[in-house]
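For reference, the chains in residue letters:
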Amino acid sequence: MRTQVAIIGGGPSGLLLAQLLHLAGIRSVVLERRSRDYVLGRIRAGVLEQGLVDLLRRAGVGERMEREGQVHAGINIAFRGELHRVDLAGLTGGKTVMVYGQTEVTRDLYAARDALGGTILHEVEDVEPHGLETDRLFVTWRQGDRHCRLDCDFVAGCDGFHGVSRSRVPKDVLETFEKIYPFGWMGVLARTPPVEHELIYTHHERGFALCSMRSATLSRYYVQCPATDAPGDWSDATFWDELRSRLPTDVAARLVTGPSIEKSVAPLRSFVAEPMRHGRLLLAGDAAHIVPPTGAKGLNLAASDIHYLSQALIDFYRTGSEAGLLAYSDTALRRVWKAERFSWWMTGLLHRLPESSPFEARVQEAELDYVLSSKAAMTALAENYVGLPYG
Ligand code: RFL
Ligand code: PHB
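Residues numbered from 1 in each chain as written. Chains lettered and ligands numbered in written order. Predicted model: local features only at pLDDT ≥ 70, side-chain atom pairs only at ≥ 80, totals over all residues. Heavy atoms only, no water.

Observations regarding the site of ligand 2
Around ligand 2, the surrounding shell holds 14 residues, and the nearest of these are Tyr201, Ser212, Arg214, Tyr222 and Pro293. The separation between an oxygen atom of ligand 2 and a polar main-chain atom of Pro293 is 2.8 Å. Here an oxygen atom of ligand 2 and a backbone polar atom of Ala296 are 3.4 Å apart. Burial of ligand 2 by the surrounding chains reaches 97%, relative to a free accessible area of 280 Å². (Near = heavy atom within 4 Å. Polar contact = N/O pair within 3.5 Å; in protein donor to acceptor, adjacent residues only side chain to side chain. Areas by Shrake-Rupley, 256 points an atom, 1.4 Å probe, with all protein chains shown as cover.)

Here's the deal with the nonpolar core
Core analysis: the biggest nonpolar cluster contains 77 residues, and Leu16, Leu17, Leu48, Trp141 and Leu313 have the highest contact counts within it. When residues in this core are grouped by element, the largest group, ten residues, is from helix α9 (residues 298-319). Dropping the residues within four chain positions of it, Leu48 is found in contact with Val53, Leu56, Met65, Val97, Met98, Tyr100, Val105, Leu299 and Asn300. (Core = buried A, V, L, I, M, F, W, Y, C linked by side-chain atoms within 4.5 Å. Buried < 20%, exposed > 50% of the residue type's maximum accessible area, 1.4 Å probe, protein only. Helix = DSSP H or I, 4+ residues; strand = E, 2+ residues; numbered from the N terminus. Contact = heavy atoms within 4.5 Å.)

Some words on the sheet that holds strand β12 (residues 154-157)
On the basis of which strands lie adjacent, the open sheet formed by six strands has the order β8-β2-β1-β12-β19-β18 and mixed pairing. Both edges of this open sheet fall to β8 (119-121) and β18 (277-278), since each of them pairs with a single strand only. Note that strand β2 (residues 28-31) and β8 share three bridges and pair parallel. Paired with Leu31 across the bridge in β8 is Leu121. (Pairing = 2+ DSSP bridges.)

Quick notes on the side chain of Lys297
Checked against the element boundaries, Lys297 lands in the loop between β20 (289-290) and α9. Among the residues examined, Lys297 registers a relative accessible area of 4% and is labelled buried. Polar side-chain contacts of Lys297 include one of 3.1 Å to the backbone oxygen of Asn384. From its side chain, Lys297 meets the backbone oxygen of Tyr385 in a polar contact 2.9 Å long. Those residues in contact with Lys297, other than ones at most four positions away along the chain, are Glu49, Val291, Ala339, Phe342, Ser343, Asn384, Tyr385 and Gly387.

Things to note about the pattern of salt bridges
If you walk through the whole model with that rule in mind, you get 27 salt bridges. Close ionic contact of Asp108 with Arg64 constitutes a salt bridge, the shortest N to O distance being 2.9 Å. Of this pair, Asp108 sits in helix α6 (residues 102-115) while Arg64 sits in helix α4 (residues 63-68); the two residues are 44 residues apart in sequence, bridging distant segments of the chain. No difference in accessibility class separates Asp108 from Arg64, as the two residues are buried. Note that Arg142 and Glu125 form a salt bridge whose closest N and O atoms lie 3.3 Å from each other. With Arg142 in strand β10 (residues 137-143) and Glu125 in strand β9 (residues 125-130), the pair connects residues that are 17 residues apart, well separated along the chain. Put simply, Arg64, Glu68, Glu104, Arg107 and Asp108 are held in one network by salt bridges that share partners. (Salt bridge = Lys/Arg side-chain N within 4 Å of Asp/Glu carboxyl O.)

Following this line, the structure appears as structure tokens:
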């Protein structure tokens with residue numbers, strides 16, 4: 001088999017890249033380790049920046065999001081028993097975010113690829129890129145007993161944090177930066193009406209909590225937990241009690257609980273791998289960087305990578321110029337690092353930090369007090385939350 005761009009990973013990064021390339025007349029094949037049902041069973045992000053919303057529209061997959069997604073013009077921060085609204089739109093000249101689940105984005109992208117006859121191979125094993133530093137690239141894999149080979153011009157590594165692509169950049173070339181937080185998020189999805197029509201990020205002495213949603217009848221809640229906890233360690237009742245104890249009293253009183261339809265623990269990590277290009281291997285999304293979910297930036301960063309990368313590949317095939325591809329890593333990393341900074345800052349601002357001293361705990365409270373009382377500080381938060389420009 002031969003294609004132009006071999007895409008390793010059929011998550012949102014890989015699928016969006018395949019779709020944008022297709023619309024520009026560039027052929028690709030997506031190689032995904034898991035089944036489609038498995039990929040669609042992962043409950044992850046819920047908040048889309050305007051940049052991603054525009055990109056999905058451009059990719060021709062915005063229709064259901066337009067219909068079913070919710071536009072949010074603000075978020076709430078709960079602190080010292082009270083809700084404080086961050087007027088995202090008012091502070092950013094009218095910018096908003098879209099609440100629409102990653103699962104739905106992925107489902108829409110699969111539907112679009114199917115409609116255009118795109119090739120997505122599922123349950124491929126032992127995917128291995130070869131000849132990355134040459135112009136004779138190919139990818140091999142196994143499907144059951146069959147050994148397969150795909151010749152290509154470029155390999156896009158869109159295979160997430162645990163994928164194979166990043167590890168194929170030589171050790172003396174790849175530099176990594178990492179911070180692991182000593183806590184995680186226990187998340188529950190429940191078929192209940194959300195407790196509030198906008199998200200609530202909660203600072204509490206028992207730990208952080210987040211009230212989010214997927215629709216008017218589907219809620220997503222998270223509570224900070226020890227990094228070592230497993231979903232099985234928490235009954236639904238334990239989860240709801242803990243969530244209630246961290247919310248302002250009037251909000252807790254309104255919380256509608258129900259059986260969890262999904263429960264999982266997300267570890268919190270900040271991670272960046274540089275560079276994002278090696279020869280003709282191009283990394284994008286979680287394959288190159290991870291943010292803690294506090295700023296809702298992971299999926300949105302994957303989208304900006306794909307914006308830059310698709311543009312660079314389209315330029316290459318239209319004009320033969322490699323300038324965009326050569327600049328890709330630097331361009332993407334500039335935005336990545338700003339989102340890394342914001343996610344790290346939001347995490348430090350809102351969580352109970354087990355390693356901090358009583359002095360540092362008071363400084364944290366003072367900072368939150370300041371952010372919530374200063375228009376300048378609140379504007380900085382809002383500007384980052386709605387998403388910095390793609391530039
Ligand atoms: P993905 O989604 O991990 O997809 C990578 C795909 O590659 C496949 N794969 C391979 N395929 C072939 N061969 C191999 N060797 C392979 N190894 C892996 C995998 O099966 C998978 O299908 O990465 P992508 O596409 O870059 O997308 C990134 C986003 O998924 C991620 O940034 C966000 O979900 C992060 N994230 C959140 N981001 C937000 O913007 N807002 C949120 O609210 C938010 N919540 C979350 C999150 C991530 C979570 N994780 C990782 C557990 C909540 C959770 C719980
Ligand atoms: C979610 O709805 O899953 C969600 C929303 C905002 C975040 C993280 C996760 O910051």
